[in-house]
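Read off the chains here:
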Amino acid sequence: MSRDQYTFTNPVELYSEIEPQKGHQQEPGLDADLTPKADLGEDTYRGTGRLTGRKALITGGDSGIGAATAIAFAREGADVALSYLPEEEEDAQRIAGILREAGATVLTFPGDLKQKDYCVELVSKTVDALGGLDIVVNNGGKQIYNEDLTTLDDQQFDDTFTTNVDAMFWITKAALPHLPAGATIINTTSVQAYSPSETLVDYASTKATINAFTKAVAQQLAPKGIRVNAVAPGPIWTPLQVTDGQPPEKLESFGEETPLGRMGQPAELAPAYVFLASAESSYVIGETLNVNGGMPTP
Ligand code: NAD
Ligand code: MG
């Protein structure tokens, strides 16, 4: 089946042959080791110049949703800085190669989003090397399941909040002095913000926070011409899920609960980020775009 975004397609059948497998990996995991392979749009995403000359920073840009977004951004004409953990160099280098083939200037910044200094330097180094910044995608995230609150250790709770929330705050704050009118900020939240799983207490709480942060900051920045929005993915096939993002026994039916009856692929997320990054969404502010296979949201 043809999978590019211009071909008339039945979304029920699209990717329905890709069955999730347990294939456990150590956090943070690699797309290179994901079985079956995820579709990041490498062979299919076709750009139309919607981000020509734009300068983007994407956290978690090495794999999954962030990598699919990076590929789409580069093919739409943007230069891209990728943030990821040092253990993910292999994935990051593969994605950087794909972006360079598309003609993009690419920066790779390994480091830990839990460190404020790294987040602040990530922004300043991106601005210096790209000659500015006008798209920020706060997408890096941590998700570790836990079945009983009494065994949810304080360190995990803190790390999940620091990675998913504090880093977004630090990066956004550091970026603001550099963002011109017309710039866009996109935060990755989740369907977990409204339909929290019992096994994802800390993670779901961060995702609700990200939604509220997005809608509050969006109102502050709109008069300056800076638009802030969020994307809320449903169950998407990425390394996050096989690195204890889910109890292993739940992985085999991953995504079946959606009205489409299947998990989504990162390539199905990228167009949402392109839309919110580009000028075509000029009147869309403080919105959460749900890309979740049809699960109802508030
Ligand atoms: P992924 O594992 O491919 O991406 C997550 C990335 O976060 C990693 O690649 C890593 O580079 C980065 N990261 C995590 N901890 C970090 C740290 N301490 N320092 C630096 N980088 C760090 O998985 P994904 O599913 O593409 O995740 C991207 C975003 O999508 C996350 O915010 C996740 O919560 C969100 N999300 C995913 C799903 C899903 O089903 N996969 C659903 C809803 C939301
Ligand atoms: Mg990764």
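Structure: see above.
Conventions we followed
Residues numbered from 1 in each chain as written. Chains lettered and ligands numbered in written order. Predicted model: local features only at pLDDT ≥ 70, side-chain atom pairs only at ≥ 80, totals over all residues. Heavy atoms only, no water. Helix = DSSP H or I, 4+ residues; strand = E, 2+ residues; numbered from the N terminus. Buried < 20%, exposed > 50% of the residue type's maximum accessible area, 1.4 Å probe, protein only. Polar contact = N/O pair within 3.5 Å; in protein donor to acceptor, adjacent residues only side chain to side chain. Contact = heavy atoms within 4.5 Å. Near = heavy atom within 4 Å. Areas by Shrake-Rupley, 256 points an atom, 1.4 Å probe, with all protein chains shown as cover.

1. Here we look at unusual backbone geometry
- Note the cis peptide between Glu27 and Pro28, where omega equals 5 degrees.
- Looking at the secondary structure, you find Pro28 in the segment before strand S1 (55-59).
- The omega torsion across Thr35 and Pro36 is -5 degrees, close enough to zero to call that bond cis.
- Structurally, Pro36 can be placed in the segment before S1.
- For Tyr15, which is not glycine, the phi dihedral falls at a positive 65 degrees.
- Along the chain, the position of Tyr15 falls in the segment before S1.
- Although it is not a glycine, Asp244 adopts a positive phi angle of roughly 70 degrees.

2. Section: the side chain of Glu42
- Position of Glu42 among the secondary structure elements: in the segment before S1.
- Judged by relative accessible area, Glu42 falls into the buried class, the value being 18%.
- Within the structure, Glu42 has its side chain in polar contact with the backbone nitrogen of Leu40 (distance 3.0 Å).
- Reaching out from Glu42, the side chain makes a polar contact with the side chain of Arg94 at a distance of 2.8 Å.
- Glu42 has contacts with Ile71, Arg75, Arg94 and Ile98, leaving out every residue within four places of it along the chain.

3. Considering the site of ligand 1
- Around ligand 1, the structure places 30 residues, and the nearest of them are Ser63, Glu88, Asn139, Tyr203 and Thr238.
- A distance of 3.2 Å separates an oxygen atom of ligand 1 from a polar atom in the backbone of Gly234.
- Residue Leu240 places a main-chain N or O atom 3.4 Å away from an oxygen atom belonging to ligand 1.
- Calculation on ligand 1 without its partners gives an accessible area of 810 Å², and the protein chains cover 97% of this total.

None of the figures reported here should be taken as evidence of function without further support.
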